[in-house]
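Chain by chain, the residues run as shown.
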Amino acid sequence: MTPPPPVSLVLTVLNEARTIPSFLASVREQTSVPTEIVVVDGGSTDDTVAILRKWTPPGGCTMSVVSAPGAGISEGRNRAVRAAAHDIVLVTDGGTVLEPRWVERMRAAFDRETEPTVVGGFFRPVGAAFMERAIACTGTPRREEVSEATFLPSSRSFAFTKNAWESAGGYPEWLDYCEDLVFDLRLKERGNTFAFVPDAVVTWSARSSLPGFMKQYYRYARGDGKAGLWPKRHAVRYAAYATGLALTGASFAQPWVLVPLVVGFAAYTSKFVRRVFARRDQFGALTPLALGLAPVIVVAGDIAKMAGYPVGVRWRARRHPAESEV
């Protein structure tokens, strides 16, 4: 029997002392451990590095910790990939937990007849606190919503060959957010073959408060603007909310105008409400509250996106096109 190919697991961390023990425990529980783990620390001021250095990897696995104070996510990932000893590189985040067969399934995907050079796994929302679960379950698509043909993998659950990484020029270090989407698009443009492995799952937790969530989505949208991503999608959002505000104003003179407004809003938010309902086992008796919060979370995220996107567009306009090329 041919032994499985060696793989390197890489990730970046920054002040992950609260979450990294769960991640390390999930590595130990893998049915097939990575050959090596390379962690790049961006300058943690808590006990993250101490926890990593004290940890003993399972048999057949080694781990190295690279200190890179001030390194952003893209730079950190690129440094980790360069330091990796093996051609197949698995990527995740320090705040995730790997389900037991994640490494096995990601590794096995490279044996497919299509000979993929890029593999996208999937992710499942969890959370210790109610608000973490409500935000994560509202914002995370279900498997049924994802098209394999158009899916752009998240670096929470991702893998590629070093040649594929080199063909795309690595992660874009000029971006602080949305870097994995730009990297995905570059990989596609360079002709890499993608495989989607929905049963290779990691779990993750969202922000624990609405202000924290809005700050995160402001940054995501700012990243979209910097990278020139999804201009039509953002334009539609501005138009929809402008129309909503106009109808709200008109309703003071013509109350019937509220009917299409309410119907339109219900239709827009229904997808997100269905996501929460499908995951109602995570909420129990608090399911009605989670369902009621879903539209609030959607609107809060949209406001943050509409604030962040023009900031990114302005940044892009001030840079030379070569610096912000997707």
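What this report covers is the structure whose coordinates are included nearby. (Residues numbered from 1 in each chain as written. Predicted model: local features only at pLDDT ≥ 70, side-chain atom pairs only at ≥ 80, totals over all residues. Heavy atoms only, no water.)

Our next topic: the nonpolar core. As a rule of thumb, nonpolar side chains are buried together in soluble globular proteins. Core analysis: the biggest nonpolar cluster contains 52 residues, and Leu 9, Phe 23, Ile 37, Leu 90, Trp 102 and Val 119 have the highest contact counts within it. Among the elements that line this core, the one with the most residues is strand E8 (residues 194-205), at seven residues. Among residues more than four places away in sequence, those in contact with Leu 90 are Val 7, Ser 8, Leu 9, Val 10, Trp 102, Val 103, Met 106, Phe 158 and Ala 159. In terms of nonpolar packing, the next biggest core, distinct from the first, is built from 19 residues, Val 10, Val 38, Ala 68 and Val 118 among them. (Core = buried A, V, L, I, M, F, W, Y, C linked by side-chain atoms within 4.5 Å. Buried < 20%, exposed > 50% of the residue type's maximum accessible area, 1.4 Å probe, protein only. Helix = DSSP H or I, 4+ residues; strand = E, 2+ residues; numbered from the N terminus. Contact = heavy atoms within 4.5 Å.)

Turning next to the environment of Val 81. Mapped onto the elements of the fold, Val 81 is located in helix H3 (residues 73-83). A sequence separation of 198 residues divides Val 81 from Arg 279, and the C-alpha atoms of the two residues are 35 Å apart.

Applying the stated criterion across every chain yields a total of 15 aromatic pairs. Aromatic pair Phe 130 and Phe 283: ring centres 5.8 Å apart, planes at 75°, arrangement edge-to-face. Taken together, the positions of Phe 130 in helix H5 (residues 130-139) and Phe 283 in the loop between helix H10 (258-278) and helix H11 (287-318) put the pair 153 residues apart, joining distant regions of the chain. Residues Tyr 217 and Tyr 220 carry aromatic rings whose centres are separated by 5.2 Å and whose planes lie at 65° to one another, so their mutual orientation is edge-to-face. With a gap of three residues between them, Tyr 217 and Tyr 220 both fall in helix H8 (residues 210-227), about one helical turn apart. An aromatic cluster of at least three residues, connected via ring pairs, comprises Phe 122, Phe 123, Phe 151 and Phe 196. (Phe/Tyr/Trp six-rings, centres within 6.5 Å; stacked < 30°, edge-to-face > 60°.)

Within strand E6 (residues 118-126), seven of the nine residues are buried, which leaves the element mostly enclosed by the surrounding structure. The sheet contact formed by E6 and E8 spans eight bridges and is parallel. Across the sheet, residue Val 118 finds its bridge partner in E8, namely Phe 194. (Pairing = 2+ DSSP bridges.)

The next point concerns helix H4 (residues 102-109). Every buried residue of H4 is listed here: Trp 102, Val 103, Met 106, Arg 107 and Ala 109. Down the axis of H4, the buried set is contained in an arc of 155°. They therefore lie on one face. Summarising the contacts, the buried residues of H4 are in contact with strand E1 (7-13), strand E4 (88-91), strand E5 (97-98), E6, strand E7 (158-161) and E8. (Arc of directions from axis to C-beta.)

A few words now on unusual backbone geometry. Leaving glycine aside, a negative phi is the common case for residues, and trans is the common case for peptide bonds. We note that Asn 15 has phi near 55°; this positive angle belongs to a residue other than glycine. Considering the arrangement of structural elements, one finds Asn 15 in the loop between E1 and helix H1 (20-28). One non-glycine residue, Trp 230, adopts positive backbone phi at about 50°. Here Trp 230 shows up in the loop between H8 and helix H9 (231-250). Exposure remark for Trp 230: the relative accessible area of 26% places this residue in the partly exposed category.

We now examine the layout of surface pockets. Its boundaries defined by the atoms lining it, the second largest pocket holds a volume of some 170 Å³. Around the second largest pocket sit Phe 122, Phe 123, Arg 124, Pro 125, Pro 141, Arg 142, Arg 143, Glu 144, Pro 198, Val 201, Arg 279 and Gln 282, which together line it. Elements supplying a minimum of two residues to the lining of the second largest pocket: E6 and E8. Take the lining of the second largest pocket: its biggest share by element is four residues, from E6. Across the lining of the second largest pocket, the residue classes break down as six nonpolar, one polar and five charged. (1 Å grid on protein atoms, 1.4 Å probe; cavity = no way out; pocket = protein on both sides within 12 Å on 5 of 7 lines; lining within 4 Å. Points joined across faces, edges and corners; volume = space filled by probe spheres on them. Nonpolar A, V, L, I, M, F, W, Y, C, P; charged D, E, K, R; others polar.)

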